2 protein chains.
Amino acid sequence: MKVVKFGGTSLASADQIKKVCDIILSDPKRRLIVVSAPGKRFDDDIKVTDLLIDLGEKYYQTKKAEEEFKRVIDRFDEIVKGLGLGEETINMVYEDLKGRLEGSYDSKEKFIDVMKAAGEDNNAKIIAQYLVSIGVDAIYINPKDAGMLLSEQCGNGRALPEAYDNLKKLSERKEIMIFPGFFGCSKNGDIVTFSRGGSDISGSILAAAVNAEVYENFTDVDSVFAADPKMVENPKPIPVFTYKEMRELAYSGFSVLHEETFEPVYRKKIPVCIKNTNNPTAPGTLITPERDSKGSTVIGIAGARGFCSIYVTKYMMNREIGFGRKILSIIEDEGLSYEHTPSGIDDISIILKQNQLDEEKERRVKERIIKELEVDDISIERDLALVMVVGEGMRETVGIAGRATTALAKAGVNIVMINQGSSEVSMMFGVQQDDNEKAVRALYDEFFK
Amino acid sequence: MKVVKFGGTSLASADQIKKVCDIILSDPKRRLIVVSAPGKRFDDDIKVTDLLIDLGEKYYQTKKAEEEFKRVIDRFDEIVKGLGLGEETINMVYEDLKGRLEGSYDSKEKFIDVMKAAGEDNNAKIIAQYLVSIGVDAIYINPKDAGMLLSEQCGNGRALPEAYDNLKKLSERKEIMIFPGFFGCSKNGDIVTFSRGGSDISGSILAAAVNAEVYENFTDVDSVFAADPKMVENPKPIPVFTYKEMRELAYSGFSVLHEETFEPVYRKKIPVCIKNTNNPTAPGTLITPERDSKGSTVIGIAGARGFCSIYVTKYMMNREIGFGRKILSIIEDEGLSYEHTPSGIDDISIILKQNQLDEEKERRVKERIIKELEVDDISIERDLALVMVVGEGMRETVGIAGRATTALAKAGVNIVMINQGSSEVSMMFGVQQDDNEKAVRALYDEFFK
């Protein structure tokens with residue numbers, strides 16, 4: 001069985017939904033389909049999920065939101081009509097929304113989660129009805145009935161272990177199942193959504209639960225590229241890469257899929273295929289547990305801005321047992337999450353996202369490190385970017401570091417930090433933030449041109 | 001005032017001692033002189049300290065060690081005669097050694113410490129007597145009387161804070177003071193030695209205590225070199241380098257001075273000058289708190305063998321708050337001291353000296369990390385070397401990393417790790433141990449030829 005997920009732009013209109021249904025029907029293995037809410041039809045269109053949030057917010061404050069309500073209904077109405085479905089379908093959507101608005105809730109968060117989930121839920125029902133209307137044995141699956149059990153964190157739900165056991169039973173069904181993404185329900189029966197973009201997570205959980213042969217993720221690009229097209233002109237597509245490579249690239253602002261998406265499929269070693277709804281025969285990009293890395297060592301380049309470095313020196317630091325652990329305890333204790341800790345003999349740098357460190361926090365962290373660790377010096381450097389060169393097998397190849405650092409030098413980029421581990425798939429360079437794009441381009445040119 | 005320390009080879013014979021005295025008298029600021037025990041006169045000679053250890057061990061076991069006793073006396077006798085001192089001087093040494101052997105001690109360690117200290121102590125007395133004999137206003141200083149107070153760790157004493165206050169008073173004396181290195185005494189009055197090579201530490205403590213203008217350390221080389229002469233032919237001398245550079249180089253097997261030597265002088269920012277007793281007019285190497293790094297970015301190359309890497313992967317590691325701290329706690333808890341922790345998004349390597357990790361310890365560390373941190377994978381790579389490129393100002397120079405990595409690639413050296421911090425004076429490369437010398441040579445050629 002293949003689990004197939006379609007994103008919002010793939011389902012933004014009746015025409016798009018028809019394309020999606022063609023894609024589903026073109027492969028009998030595509031049986032468990034995860035759908036998003038209708039997305040943007042054109043650049044400055046508004047996603048249905050955003051319309052629903054507006055509706056919820058307005059209604060929560062004023063108990064009245066006719067205009068916002070109408071905007072949501074209009075979007076669905078257009079789709080329902082375009083698919084040739086009858087009045088009863090749009091009435092169903094109308095009643096569903098009304099029911100959600102007028103329900104009673106313990107908290108605003110719970111109410112907003114219920115509203116946000118309406119986009120996927122109604123879209124799934126409409127798509128199932130459309131498939132049935134054209135004679136397909138299709139069925140809408142209610143996440144609550146199917147047992148998509150999540151932790152009780154509104155807007156940031158996590159699948160509970162029993163969810164997998166529950167959802168596994170879906171593999172026994174014979175119909176084409178249309179499953180709304182983005183939400184599940186808590187043990188109390190409340191609707192809970194994932195974090196934004198969470199339909200990808202729904203699909204990943206389902207693929208893991210039914211042990212799918214592949215998790216196909218349809219979006220609006222032909223493939224994942226070796227560099228950000230905003231930084232590099234016409235970057236090369238990546239046909240196959242590994243989970244590890246994907247994680248390293250995703251980290252540096254490489255938007256492949258939603259951050260946590262892959263954990264469930266990764267654990268089950270299920271491959272993921274990124275494909276384009278508007279060009280479904282293109283091979284797309286396959287993400288696999290392993291790949292043959294012969295012949296292609298570097299697979300992608302990415303760069304992310306907004307990091308800072310806390311630099312600490314202390315004479316004889318390397319002979320002080322527990323120094324590293326103690327400094328990380330302070331960092332953790334202050335609620336900071338750090339990225340890397342390159343170190344010398346008598347110094348250590350702690351690299352972290354700088355938006356965590358406001359003036360007050362910076363002052364306190366400095367003070368604590370000085371006082372508790374009796375360091376010689378501490379300074380904080382802001383506005384750094386981390387640039388990654390990623391590829392399995394890089395480590396075995398003499399000269400990659402030389403090529404990368406020489407390319408950066410030629411481009412006039414000063415390397416303030418290098419971090420390469422003992423058997424990693426990436427090499428990381430810290431550079432001044434203003435050099436980020438220049439660095440990415442120089443490295444792309446070196447390894448892909 | 002200058003504090004001047006002479007090493008064992010500089011004091012191995014009467015002729016050497018006369019040279020040393022000429023050096024002392026050639027500069028009226030050389031007033032506080034720290035002396036070692038007589039060292040080797042020729043390649044397969046035995047140092048007096050080693051003769052004393054043999055004597056102590058034998059006597060402790062058998063209460064008899066005439067032959068060993070005679071060997072020590074003979075060395076001193078040769079020196080005393082060569083300096084034209086009388087019978088009473090060698091009798092003094094004889095009685096001193098006898099007194100040490102026949103004393104009563106709480107433990108073997110205390111006895112051995114007393115024996116070890118005899119080399120420096122008697123040598124200091126002899127040199128003071130010689131200076132007096134040629135009409136110099138010189139005096140032997142007893143470390144106990146002067147207040148060189150150490151912690152009660154036999155063979156690994158540490159100066160107590162009050163030692164500095166006590167020793168400061170020496171700056172008021174008008175004589176040339178001959179101070180035996182390598183030992184002090186505990187608050188109970190017991191003799192305690194520093195770790196091996198500890199005369200350097202004595203000198204450093206004294207220099208800090210009297211706030212010397214410079215700490216001159218006379219040894220048997222003209223200067224410190226930019227690379228180990230055993231690996232690189234005729235390496236260039238380093239005229240000036242900083243404490244930080246020295247620490248980084250010393251770490252990678254660069255034997256400048258004893259490891260802890262510099263802490264006292266570093267704290268007081270007192271410069272250290274390494275000079276050659278056999279070529280005292282050569283400028284030597286000056287180690288300073290700061291230097292003008294313009295024009296010379298790389299100052300030295302060093303490489304050390306015998307490291308291993310514990311490599312740990314866990315999907316979503318970078319999102320797990322406290323992961324780094326937890327793994328370092330396990331390492332610390334197991335009594336291991338680590339060097340560096342290069343990390344990727346989902347992996348971390350812990351680099352440590354591999355002699356700490358026997359089979360049993362390796363098994364337990366692996367087991368604990370797997371169990372307590374639920375990691376995906378752990379592996380240990382042995383036989384690595386850490387190669388350092390060191391120099392203040394390196395960081396500001398575009399292209400150093402490029403030149404270094406390209407030089408390594410050209411030499412066919414695979415880089416398994418790079419660790420460069422955000423404002424450090426060094427760049428570190430992990431390579432296979434067998435590539436250590438090749439890497440040092442390639443880097444030396446790149447930056448010094």
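Residues numbered from 1 in each chain as written. Chains lettered and ligands numbered in written order. Predicted model: local features only at pLDDT ≥ 70, side-chain atom pairs only at ≥ 80, totals over all residues. Heavy atoms only, no water.

- The name given to chain A in an unreviewed UniProt entry is Aspartokinase, with the source organism recorded as Acetivibrio saccincola.
- Quoted verbatim from the Catalytic activity (unreviewed entry) field of UniProt, the annotation for chain A is "L-aspartate + ATP = 4-phospho-L-aspartate + ADP".
- For the record of chain A, the UniProt heading Sequence similarities (unreviewed entry) holds the text "Belongs to the aspartokinase family." (UniProt positions renumbered as here; feature names shortened; annotations may be inferred.)

### Structural notes on the domain arrangement of chain A
Right, so step 1: Taken domain by domain, chain A holds domain 1 (2-220) and domain 2 (300-448).
Right, so step 2: Using only C-alpha atoms to locate each centre, domain 1 of chain A and domain 2 of chain A end up separated by 41 Å. (Domains from an automatic or database assignment.)

### Quick notes on the packing of helix 13 (residues 400-410) of chain A against helix 14 (residues 436-448) of chain A
Residues and elements named next belong to chain A.
Right, so step 1: One way to put it is that helix 13 packs onto helix 14 with a least axis distance of 9 Å and a crossing angle of 135°. Classified by the angle their axes make, helix 13 and helix 14 are oblique. Where helix 13 crosses over helix 14, the two elements pack in a sense that is right-handed. Along its contact with helix 13, which presents Ile400, Arg403, Ala404, Ala407 and Leu408, the element helix 14 presents Ala439, Ala442, Leu443, Glu446 and Phe447.
Right, so step 2: Class assignment of the residues belonging to the contact of helix 13 with helix 14 gives a composition of eight nonpolar, no polar and two charged. (Axes fitted to C-alpha atoms, helices over the stretch in contact; angles between N-to-C directions. Helix = DSSP H or I, 4+ residues; strand = E, 2+ residues; numbered from the N terminus. Parallel < 35°, antiparallel > 145°, perpendicular 65-115°, else oblique. Left-handed = near helix turned anticlockwise from the far one by under 90°. Contact = heavy atoms within 4.5 Å. Nonpolar A, V, L, I, M, F, W, Y, C, P; charged D, E, K, R; others polar.)

### Some details on the interface of chain B and chain A
Right, so step 1: On the side of chain A, 64 residues touch chain B, which itself brings 64 residues to the contact.
Right, so step 2: The three residues of chain B that bury the most area against chain A are Arg247, Tyr315 and Ile345 of chain B, which together make up 13% of that side's buried surface.
Right, so step 3: Where chain B meets chain A, there are six salt bridges.
Right, so step 4: Note that Arg267 of chain B is salt-bridged to Asp376 of chain A, the shortest N-O span being 3.1 Å.
Right, so step 5: The element best represented in the side of chain B that touches chain A is strand 17 (residues 415-420) of chain B, accounting for six residues.
Right, so step 6: Considering only residue class, the side of chain B that touches chain A consists of 22 nonpolar, 24 polar and 18 charged.
Right, so step 7: Two strands pair when backbone bridges link them, and strand 17 (residues 415-420) of chain A and strand 17 of chain B are joined in this way by three bridges, in the antiparallel orientation. The residue bridging Ile418 of chain A from the neighbouring strand is Gln420 of chain B, located in strand 17 of chain B. (Buried area = accessible area lost by both parts, 1.4 Å probe. Salt bridge = Lys/Arg side-chain N within 4 Å of Asp/Glu carboxyl O. Pairing = 2+ DSSP bridges.)

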